[in-house]
Amino acid sequence: MKIAMIGSGAAGSVFAAYLKKGGADDITLVDRYKAHMDKIAESGLVMKDPTGEYHLEGFKTAYSAEDIGIMDVVVLMVKATQTDSAMKSAMKCIGPDTVVVTLQNGLGNDERLKKYVPGNRLIFGCGNMGTELPEPGRCVSKPFPGNNMFFGPSEKCGRTDAVGKYIEECFTKGGLSPRYYDDVRPYVWRKATSNSGFNTTCAILRSKVRYVAADENGMALVWQIWREAADVAEALGIPGIWEYMQEQFPSILASIGDYYPSMAQDVVLNQRETEVTCLTGAISDYGKKVGVPTPTCDVLTQVVKYLEANYENMYKGE
């Protein structure tokens, strides 16, 4: 199958690397990061994970999806805040049989994409791992133990099932532990809940996961976010999130303790727009819809939105 990875930064590059390792032989990486695309076109992509370092070649690259031709599968990996702008150009490579797969962080990605493609050509889900892009042409993966890739159809049909099973097979052969579900919503909420706790808190506190986890006040914020997310999910008919977070906390800490989550990378390292609106912000929005209070998510979302709007105004040691 012809696959386009729309958004080939840290996570998109990691996912593409696992697909390539698993036998997907026609992958086009699309990203505006010219140095990264040029490096891959010249000498391939290096992906490092706990099992080793892999040099993968044979990728096609492009700075835009407008001229890459019609794809069988389009995987969307831009930030959720960039979905609309990315899809405007991506529509040029989406034909009547193309299946669009969103593995973006956060909640509500499938609903946003239904403006562009019908539900019977849409797969949504998430990866459960940390990712980094330390330099052009090189990415790092820190997958969680156990199942670490979850996805399923927005509307079940033969075409989405065929694509879903193909991607599941490639990810498996590539070294991940994926699962294609008929109903993936509980797993998306688990990942979004986990992300919201440490992403938002680490961004505000400008700390790696292990430092937040070691501090009573830092972890209090994380647990408050997780509690609110679990309550909202329960009201939406998705139970068990609170129990899941209690069970998974030790493995989360073991996997990404020495890591800046993606939102902290945005705020602390790169000073760019974050995905807070589809994490704690989305929990707040869903909470309003179902009548569940989310005071911690409300306030912390406002704090992050202030930070990303005022990088140039912050104290720099003058």
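Here is a short report on the structure shown in this document. Within each chain, residues carry numbers counting from 1 in the order of the written sequence. Since the coordinates come from a predicted model, pLDDT governs what is reported: local features require at least 70, and pairs of side-chain atoms require 80 or more to be given and counted, while whole-chain, interface and lining totals use all residues. Hydrogens and water molecules were not included; the side-chain quantities draw on all heavy atoms of the structure.

**Considerations on the packing of helix α6 (residues 185-205) against helix α8 (residues 216-235)**
Then, number 1: Lines fitted to C-alpha atoms define the axes here, with helix axes fitted over just the stretch in contact, and angles between the N-to-C directions of these axes take values from 0 to 180 degrees. Helix and strand assignments come from DSSP, with helices taken as H or I runs of at least 4 residues and strands as E runs of at least 2, each series counted from the N terminus. Closest axis-to-axis distance for the α6/α8 pair is 9 Å, and the angle between their directions is 150°. Classified by the interaxial angle, the pair formed by α6 and α8 is roughly antiparallel. When you trace α6 past α8, the crossing you get is right-handed. Each of Trp189, Thr193, Ser194, Ser196, Gly197, Phe198, Thr200, Thr201 and Leu205 in α6 lies in contact with α8, whose residues at this interface are Gly218, Met219, Leu221, Val222, Ile225, Trp226, Ala229, Val232 and Ala233.
Then, number 2: For this classification, the nonpolar set comprises Ala, Val, Leu, Ile, Met, Phe, Trp, Tyr, Cys and Pro, the charged set comprises Asp, Glu, Lys and Arg, and every other residue, Gly included, is treated as polar. Looking at the contact of α6 with α8 residue by residue, the classes come out as eleven nonpolar, seven polar and no charged. Each angle is binned into one of four classes, with values under 35 degrees roughly parallel, values over 145 roughly antiparallel, values of 65 to 115 roughly perpendicular, and all other values oblique. Should the near helix be turned anticlockwise from the far one by less than a right angle, the crossing is left-handed, and should it be turned clockwise, the crossing is right-handed. Two residues form a contact once any of their heavy atoms are found within 4.5 Å.

**What to know about the sheet that holds strand β3 (residues 45-49)**
Then, number 1: In this scheme, strands are said to pair when DSSP sees at least two bridges between them. The strand order across the open sheet formed by four strands is β4-β3-β10-β9, and the pairing between neighbours is mixed. Across the chains shown, the open sheet's two edge strands, defined by having one partner strand only, are β4 (52-56) and β9 (129-135). Sheet twist, expressed as the average angle between the axes of neighbouring strands with direction ignored, equals 20°.
Then, number 2: One ladder, built from five bridges, connects β9 with strand β10 (residues 138-143); its direction is antiparallel. Paired with Gly130 across the strands is Lys142, a residue of β10.
Then, number 3: Docked against the sheet, helix α2 (residues 34-43) engages β3, β4, β9 and β10, running at close to 100° with respect to β3.

**As for helix α10 (residues 262-270)**
Then, number 1: Here's how the labels work: a residue is buried when its accessible area is under 20% of the maximum for its type, exposed when over 50%, partly exposed in between, all with a 1.4 Å probe on protein chains only. Within the sequence span of α10, burial applies to Met263, Ala264, Gln265, Asp266, Val267 and Val268.
Then, number 2: Buried residues in α10 make contact with β9, α6 and α12 (295-309).
Then, number 3: Note on α10: the residue one or two positions beyond its end, Gln271, has a positive phi of about 45°.

**Here's the deal with the environment of Gly130**
Then, number 1: Locating Gly130 in the fold gives a position in strand β9.
Then, number 2: The buried category is assigned to Gly130, whose relative accessible area is 3%.
Then, number 3: Taking the C-alpha atoms as reference, Gly130 lies 8.1 Å from Val140; in sequence the two are ten residues apart.
Then, number 4: Excluding residues that lie within four positions of it along the chain, Gly130 makes contacts with Val140, Ser141, Lys142, Ile256 and Tyr259.

**A look at the sheet that holds strand β11 (residues 149-153)**
Where strands meet in a sheet, backbone hydrogen bonds hold them as pairs that are either parallel or antiparallel.
Then, number 1: In spatial order, the strands read β5-β2-β1-β6-β7-β8-β11-β12; together these eight strands make up an open sheet with mixed pairing. Lying at the two open borders of the sheet, with one neighbouring strand each, are β5 (60-62) and β12 (178-180). Strand-to-strand twist in this sheet, taken as the mean axis angle between neighbours without regard to direction, amounts to 20°.
Then, number 2: As judged from the five bridges shared by strand β8 (residues 122-127) and β11, these two strands associate in the antiparallel manner.

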